[in-house]
Number of protein chains: 2
Amino acid sequence: MLYLIGLGLGDAKDITVKGLEVIKQCHKVYLEAYTSMLTVGKEVLEEFYGRELILADRETVEQEADNILKDADLFDVAFLVVGDPFGATTHSDLVLRAVKLGIPYRVIHNASIMNAVGCCGLQLYNFGETVSVVFWTDTWKPESFFDKIGKNRQNGMHTLCLLDIKVKEQNLENLMKGKKIYEPPRYMSVNQAAEQLLAIVQNRRLQGEEPEITEDTICVGLARVGATDQKIASGTLQELSTVELGGPLHSMIITGAMHPLEIEMLKLFAVDKLSFENKMCQRNT
Amino acid sequence: MLYLIGLGLGDAKDITVKGLEVIKQCHKVYLEAYTSMLTVGKEVLEEFYGRELILADRETVEQEADNILKDADLFDVAFLVVGDPFGATTHSDLVLRAVKLGIPYRVIHNASIMNAVGCCGLQLYNFGETVSVVFWTDTWKPESFFDKIGKNRQNGMHTLCLLDIKVKEQNLENLMKGKKIYEPPRYMSVNQAAEQLLAIVQNRRLQGEEPEITEDTICVGLARVGATDQKIASGTLQELSTVELGGPLHSMIITGAMHPLEIEMLKLFAVDKLSFENKMCQRNT
């Protein structure tokens, strides 16, 4: 049996009781380690579970998938995923391979950023399409997510922005030389995402457009959701470009139309309460 | 301290290790019992937690909120919610009251139907606005959710339909007489939701419209997501109006544009594999 087990979002204890029981009884336990992270590392998880974890990173995922399934045909195998196994990242590929090989699978769900963002008070059923914001390079500055956010706003919907993660990336030189030397991991901050959005706003104006999102659009920054030291900050896009939220992981929301209860909740997290209230008054006039 | 704790979706063991620890240490533990349900009842939860639970139902929620907060000012109090505290239902009101009274709060997240539906293989970031489908009465047959689904489809997005729950409802006679006699609880099935949708399709045609959704639109029915006996069925809206999924809770998805990997996953759950493959071929021609 192949178990896909969500670890939730905070630390080792965010696993479910059911998930922990399954891990303890499995023959092998793999940890997916390239699409997200907890606030604790592999060693802490190993100590808490009382089990050795095998890292399944992106580089070797094809090979690991075969290994995982080879084992799961004979024994119980657990594949651990930060958040929910079918949350921000889906592991459909692994499931489809298992089914083709006739290996039964089971999913043990947990919180993912896709539902836990509700903690800021914006209602999940008012969210439109989720977008990903990737790190820009000198030569590659995609803007397509901006148009998706604009479309959501036109429909009155909020947009969850998942911010880029770069783990085990090689620089161009090492890549060309085939050297397996990796850059330090990078996690996009709310500041960086806000700056990229502000740059697009400027670009659009230069092109004669009146962008759907401006410096004054109310946004929400979230850091380490589910952890004891989680931080939430609401304010204008401009304000979020400088707000201090601490270490990764960060996410960001661009608001659409807001219900009074949603506004009340966001006020709790306002970077600048007076500025926030002024903005809300302007919306209503 | 007020703790809002998600219970997840299956049974007692779907609570997180962290959530269980907090429950065991809290002075009082309330169970929100009107917006969702697990596959097990209050007594099973009480035995598993080793704690007495106080039901907080909709009828007395105003009064209960005051009681909950009065206690939380002095002791640690837990408020348990099926799914995630900020999932399909938000408990912003309780949080706002707590903050106004200067009572600190903490959220312990868990899976909610809003992210766990990913288990059918449709990717969460391809979902548009979530809609609620309510039980029709002889005199009240709202259709507004149909237009929201249509809008999502036009944008290529899937729609999660949360199906109605009627718990502790009085009939008109008892309501008028002020008798606190309640009807048996009702949980909308995928069959019922599909039938209502089919009725709207017919209505729209009678009005000369060409509806965005038809009898042949590919949908997904989900029952008891997260439980050992969960069921997923994919097929046309017509097929889902008769598919047998067993007991509550049910949810339904109306698909939008689909990625090949999403189609592969839905094929695993097809009510009629041949019909499903034919439909997919027609889409691609």
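Since we're looking at a predicted model, the values are computed, not measured.

## Considerations on the overall build of chain A
Stage number 1. Within chain A one finds 11 helices and 12 strands.
Stage number 2. Radius of gyration (C-alpha) of chain A: 21 Å, near the 19 Å computed for a compact globule of 285 residues.
Stage number 3. Taking the principal axes of the C-alpha coordinates as reference, chain A spans close to 65 × 45 × 35 Å.
Stage number 4. Looking at chain A as a whole, 55% of its 285 residues qualify as buried.
Stage number 5. Within chain A, residue pairs in contact and separated by at least 24 positions form 72% of the contacts whose partners lie at least 6 positions apart.
Stage number 6. Accessible area of chain A: about 12,400 Å², with a carbon and sulfur share of 51%.
Stage number 7. Computed over 29 positive and 39 negative side-chain charges, the separation of the two mean positions in chain A equals 2 Å.

## So, the interface of chain A and chain B
Stage number 1. With 50 residues of chain A at the contact, the number on the chain B side is 50 residues.
Stage number 2. Across the chain A/chain B interface, buried area totals approximately 4,200 Å², and carbon plus sulfur atoms make up 61% of it.
Stage number 3. Across the chain A-chain B interface, the total number found is six salt bridges.
Stage number 4. Salt-bridge contacts for Asp11 of chain A lead to Lys18 of chain B; the nearest nitrogen and oxygen are separated by 3.3 Å.
Stage number 5. Where chain A touches chain B, the interface holds 16 residue pairs in polar contact (both at pLDDT 80 or more).
Stage number 6. It is helix H4 (residues 92-100) of chain A that contributes the most residues to the side of chain A that touches chain B, five residues altogether.
Stage number 7. Grouping the constituent residues of the side of chain A that touches chain B by class yields 23 nonpolar, 16 polar and 11 charged.

## Quick look at unusual backbone geometry
All names here are of chain A.
Stage number 1. Here Pro248 and Leu249 are connected by a cis peptide whose omega angle stands at -5 degrees.
Stage number 2. Considering the arrangement of structural elements, one finds Leu249 in the loop between helix H9 (237-240) and strand S12 (250-254).
Stage number 3. Here Arg224, not a glycine, exhibits a phi torsion of approximately 50 degrees, which is positive.
Stage number 4. Looking at the secondary structure, you find Arg224 in the loop between strand S10 (218-223) and strand S11 (231-236).

## Focus: the pattern of salt bridges
Residues and elements named next belong to chain B.
Stage number 1. Overall, the coordinates contain 34 salt bridges over all chains when judged by the stated rule.
Stage number 2. The salt bridge partner of Arg205 is Glu215, with a shortest N-O separation of 2.9 Å. Placement of the pair is Arg205 in helix H8 (residues 190-206) and Glu215 in the loop between H8 and strand S10 (218-223), with a sequence separation of 10 residues.
Stage number 3. Taking the relative accessible area as the measure of exposure, Glu215 reaches 17% and is therefore buried.

## A few points about the relation of the copies chain A and chain B
Stage number 1. Rotating chain A by 180 degrees and moving it 0.0 Å along the rotation axis overlays it on chain B with an RMSD of 0.0 Å. Between the two chains, the operation in question is that of a two-fold axis.
Stage number 2. Counting the interface residues of chain A, we find that 100% of their copies in chain B are interface residues as well, pointing to one common contact surface.

## Description of the domain arrangement of chain A
Residue and element names in this part refer to chain A.
Stage number 1. Along its sequence, chain A is carved into domain 1 (2-111) and domain 2 (114-284).
Stage number 2. Using only C-alpha atoms to locate each centre, domain 1 and domain 2 end up separated by 29 Å.
Stage number 3. At the junction of the two partners, domain 1 supplies 14 residues and domain 2 supplies 16 residues.
Stage number 4. Overall, the association of domain 1 and domain 2 removes approximately 1,000 Å² of surface from exposure, summing both partners, and the carbon and sulfur fraction of that is 62%.
Stage number 5. There are zero salt bridges connecting domain 1 and domain 2.
Stage number 6. Taken together, the links from domain 1 to domain 2 amount to zero residue pairs in polar contact (both at pLDDT 80 or more).

Basis of the calculations
- Residues numbered from 1 in each chain as written.
- Chains lettered and ligands numbered in written order.
- Predicted model: local features only at pLDDT ≥ 70, side-chain atom pairs only at ≥ 80, totals over all residues.
- Heavy atoms only, no water.
- Helix = DSSP H or I, 4+ residues; strand = E, 2+ residues; numbered from the N terminus.
- Rg over C-alpha atoms; globule rule 2.2 N^0.38 Å.
- Buried < 20%, exposed > 50% of the residue type's maximum accessible area, 1.4 Å probe, protein only.
- Contact = heavy atoms within 4.5 Å.
- Areas by Shrake-Rupley, 256 points an atom, 1.4 Å probe, with all protein chains shown as cover.
- Lys, Arg positive; Asp, Glu negative; His and termini not counted.
- Charge placed at Lys NZ, Arg CZ, Asp CG, Glu CD.
- Buried area = accessible area lost by both parts, 1.4 Å probe.
- Salt bridge = Lys/Arg side-chain N within 4 Å of Asp/Glu carboxyl O.
- Polar contact = N/O pair within 3.5 Å; in protein donor to acceptor, adjacent residues only side chain to side chain.
- Nonpolar A, V, L, I, M, F, W, Y, C, P; charged D, E, K, R; others polar.
- Least-squares fit on C-alpha atoms with pLDDT ≥ 70 in both.
- Domains from an automatic or database assignment.

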